[in-house]
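What the coordinates show
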Amino acid sequence: MVTTQGGLRRRTVLGGVGAACLASSLGQAEPTVMLPLGGGPEARRLTTAFPEKGSMILQRMRPPLLETPFEVFDQGVFTPNDRFFVRWHWSVIPESVDAGAFRLSVRGQVNKALSLSLHDMAAFSQVELAAVNQCSGNSRGLFMPRVPGAQWGNGAMGNARWTGVRLRDVLDRAGVKAGAVQVRFNGMDAPVVPDAPDFMKSLGIDHARDGEVMIAYAMNGTQLPLLNGFPLRLIVPGWYSTYWVKMLNDIEVLDRVDDQYWMKTAYRIPDTPNGRVKPGDTGFKTVPISKMNPRSFITNLTSGQRIAAGAPAAVRGIAFGGDCGVARVDISADTGKTWHAAVLGGDEGKFGFRRWNATISVSAKGSETVMVRCTNTAGVVQPPEANWNPAGFMQNGIESLPLIAT
Amino acid sequence: MLVKLMIASLLTCFCVTPAISQTVMNFRSVKVELPTEERMFPGGDKAAAINGNCLACHSASMVLNQPPLTRAVWSAEVHKMVSAYKAPVSPQDVDAIIAYLVQTNGKP
């Protein structure tokens, strides 16, 4: 299902739920993609207007919300920088960054406050790791009943190889004082209105010092695109993207739990297994969102695609374990009645995407549903019934893809 | 630009903890221009209140891409903009904004 028109690849695959197709009418300057968002609106423009970015699904121009077209996930285990999703909260985003003048400050409950240049950062011991960066609200548009917020399909995620330094090494250089409780991260973006809450996120001191949380200065082997956080971005492996503060220029060690808006009020989930509540439930306790859950997607077939009945069909895709590795991926070609293990591709590290492939065969002609399910190395399995919460976070229901055998 | 000095070390596993690699960074300063948005809420006079109050922080698409929502949810959204995000919304426009949202994208 690949056709080329106007220089754009016109295939869009939406893992799982519903159909995605490209509508384009002659004389329309910008092509449109249809996301399978029940109740609509489904149409989104594809745009190439953003710097250092290729064709992206335009969710919002200002501040930018750009979704990765799903076809990109079929092309490799790493998501190219120019197709990596983009998500900002406030529209005051510096359009230029002087690499020589940039400084990262480290302050608060430390023995010695630091002001680090990029040169200083590069002098720390270097680390590298593959990790999935996924928005807390990835797939929010697929929630049923629908909830307000950025109406993403499944493309607010990506996998990259991040290069940089351990946050622990930077904190140790400053010397964390006894009594430190959390570490707060702030970037160079700012609200439009002066008294509005600047976007900041905090991690517990032990998490910040676990040797896995890092400050990246490169993504897939090159410096980060400005829209993905140039020059420095916090990498919190296994945790949702909300913590991966972009254009990071300020680290403050706190002697208390951070009680500002983006920790205390926003990005909170029900304190229930998998953040699940029933629509209409109220009065549940909430906690800050944290670790990701397992997910898997079919990347080479589209909803409603025709396959030959009685013949083997190749199915492939991606999976990730969330906060740990992928133990297994299973595929069902009969709406979940029977499951077969898929073959896992190379392991680039427990926090990254893992490719998988399988062969299915549908004997009877007619419509059939293919499903894919990831089990992570902690034994957590994707739920058959999608989880739901009022903020539209942590979606990880088993994806299903209707096919037609002919 | 990044120069790989020790390819061999990059080929080793990037597993549990970050693996040591050797790469040299030559950071380039960046200067870009972000596209601007001219789209407004459609509807002429009926959209005057929302166009006057709701475009300062984000594009109209943040609102236009929402699914149909009930009056209660739309009303809560408008009040959230004011209380949480300090949107300078004129009090006399609040009803007209909610009416526009319910009329154009409401649900029972």
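Residues numbered from 1 in each chain as written. Chains lettered and ligands numbered in written order. Predicted model: local features only at pLDDT ≥ 70, side-chain atom pairs only at ≥ 80, totals over all residues. Heavy atoms only, no water.

What about the overall build of chain B?
- Scanning chain B from terminus to terminus reveals five helices and four strands.
- Counted from the first residue to the last, chain B has its helices and strands arranged as β-α-β-β-β-α-α-α-α.
- Only carbon and sulfur atoms are counted for the fraction: they give 62% of the accessible area of chain B, which is about 6,100 Å². (Helix = DSSP H or I, 4+ residues; strand = E, 2+ residues; numbered from the N terminus. Areas by Shrake-Rupley, 256 points an atom, 1.4 Å probe, with all protein chains shown as cover.)

Some words on the environment of A:Ser55
- Tracing the chain through its elements places A:Ser55 in the loop between strand S5 (43–47) and strand S6 (56–60).
- Along the backbone, A:Ser55 and A:Ala43 are twelve residues apart, and their C-alpha atoms lie at a distance of 15 Å.

A closer look at the state of the cysteines
- Under the definition given, this model contains zero disulfides over all chains.
- With no disulfide partner, A:Cys135 has as its closest neighbouring cysteine sulfur the one in B:Cys57, 19 Å distant.
- With no disulfide of its own, A:Cys374 lies 8.4 Å from the sulfur of A:Cys324, the closest cysteine sulfur. (Disulfide = S-S within 2.5 Å.)

Here's the deal with the confidence of the model for chain B
- For chain B, the average pLDDT comes to 86, and 81% of its residues sit at 70 or higher.
- Between residues 1–16 of chain B, whose pLDDT stays under 50, and residues either more than four places distant or in other chains, the model counts 38 contacts. (pLDDT = per-residue confidence, 0-100. Contact = heavy atoms within 4.5 Å.)

Let's talk about the packing of aromatic side chains
- The full count for this structure, using the stated rule, is 19 aromatic pairs over all chains.
- Ring geometry for A:Tyr261 and A:Trp262: centres 4.8 Å apart, planes at 85 degrees, overall edge-to-face.
- Accessibility expressed as a relative area gives 15% for A:Tyr261, which makes it buried.
- The exposure class assigned to A:Trp262 is buried, which follows from its relative accessible area of 4%.
- Site record: aromatic cluster; members linked through ring pairs are A:Trp90, A:Phe199, A:Tyr261, A:Trp262, A:Tyr267, A:Phe393 and B:Tyr85.
- The ring of A:Tyr243 carries A:Lys201 above its face, with NZ or CZ at 4.8 Å from the centroid.
- Taking NZ or CZ as reference, A:Lys246 lies 4.5 Å from the ring centre of A:Trp88, over its face. (Phe/Tyr/Trp six-rings, centres within 6.5 Å; stacked < 30°, edge-to-face > 60°. Buried < 20%, exposed > 50% of the residue type's maximum accessible area, 1.4 Å probe, protein only. Lys NZ or Arg CZ within 6 Å of the ring centre and 35° of its normal.)

A few points about helix H5 (residues 94–105) of chain B
Residue and element names in this part refer to chain B.
- Spanning twelve residues, H5 covers 16 Å between terminal C-alpha atoms, matching the ideal 16 Å at 1.5 Å per step.
- For H5, the full list of buried residues reads Val94, Ile97, Ile98, Tyr100, Leu101 and Asn105. Along H5, the residues classed as buried sweep out an arc of 155 degrees about the axis, all on the same side. In H5, the exposed positions angled more than 90 degrees off the buried face are occupied by Asp95 and Gln103.
- The inward-facing, buried residues of H5 contact helix H2 (48–53), helix H3 (61–64) and helix H4 (71–83). (Expected span 1.5 Å × (residues − 1). Arc of directions from axis to C-beta.)

Some words on the nonpolar core
Residues and elements named next belong to chain A.
- Judged by nonpolar contacts, the single largest core of 99 residues is most densely connected at Met121, Trp162, Ile215 and Ile251.
- It is strand S16 (residues 214–219) that contributes the most residues to this core, six residues altogether.
- Counting contributing residues, this core receives three or more from each of domain 1 (2–266) and domain 2 (295–405).
- Residues within four places of methionine 121 in sequence aside, it is in contact with Leu104, Leu116, Val165, Val170, Ile215, Tyr217 and Leu232. (Core = buried A, V, L, I, M, F, W, Y, C linked by side-chain atoms within 4.5 Å. Domains from an automatic or database assignment.)

Overview of H4(B)
All names here are of chain B.
- Given a rise of 1.5 Å per residue, 13 residues ought to cover 18 Å, and the 18 Å separating the end C-alpha atoms of H4 matches this to within 8%.
- For H4, the set of buried residues is Trp74, Ser75, Glu77 and Val78. Axial view of H4: buried residues confined to an arc of 155 degrees, hence all on one face.
- Structurally, H4 contributes buried residues whose contacts are with H3 and H5.

Looking at the sheet that holds strand S22 (residues 306–307) of chain A
All names here are of chain A.
- Ordered in space as S22-S29-S28-S24-S25, the five strands form an open sheet in which the pairing is mixed. Strands with a single pairing partner mark the edges of an open sheet, and in this sheet they are S22 and strand S25 (340–341).
- One ladder, built from two bridges, connects S22 with strand S29 (residues 399–405); its direction is parallel. Across the sheet, the residue bridging to isoleucine 307 is alanine 405, located in S29. (Pairing = 2+ DSSP bridges.)

Section: the interface of chain A and chain B
- Each side of the interface is counted separately: chain A has 63 residues, and chain B has 46 residues.
- Counting the surface lost from both chain A and chain B, the interface buries some 4,500 Å², and carbon and sulfur atoms represent 58% of this.
- On the chain A side of the contact with chain B, A:Gln126, A:Glu128 and A:Gln223 bury the most area, a combined 15% of that side's loss.
- Applying the counting rule to chain A against chain B returns 14 residue pairs in polar contact (both at pLDDT 80 or more). (Buried area = accessible area lost by both parts, 1.4 Å probe. Polar contact = N/O pair within 3.5 Å; in protein donor to acceptor, adjacent residues only side chain to side chain.)

Details of the side chain of A:Thr369
- Inspection of the secondary structure assignment puts A:Thr369 in strand S28 (residues 366–376).
- Ignoring any residue separated from it by four or fewer positions in sequence, one finds A:Thr369 in contact with A:Ser332, A:Ala333, A:Asp334, A:Thr335, A:Ser400, A:Leu401 and A:Pro402.

So, the domain arrangement of chain A
Residues and elements named next belong to chain A.
- Along its sequence, chain A is organised into domain 1 (2–266) and domain 2 (295–405).
- The straight-line distance from the C-alpha centre of domain 1 to that of domain 2 is 26 Å.
- Across the domain 1/domain 2 interface, buried area totals approximately 2,800 Å², and carbon plus sulfur atoms make up 60% of it.
- It is Asp74, Val77 and Phe143 in domain 1 that bury the most area against domain 2; as a group they hold 21% of the surface buried on that side.
- Between aspartate 74 and arginine 355 there is a salt bridge whose closest N-O contact spans 3.8 Å.
- Linking domain 1 to domain 2 there are twelve residue pairs in polar contact (both at pLDDT 80 or more).
- For the side of domain 1 that touches domain 2, the elements supplying multiple residues, two or more each, are strand S12 (126–134) and strand S13 (157–166).
- Here the element with the most residues in the side of domain 1 that touches domain 2 is S12; it accounts for five residues. (Salt bridge = Lys/Arg side-chain N within 4 Å of Asp/Glu carboxyl O.)

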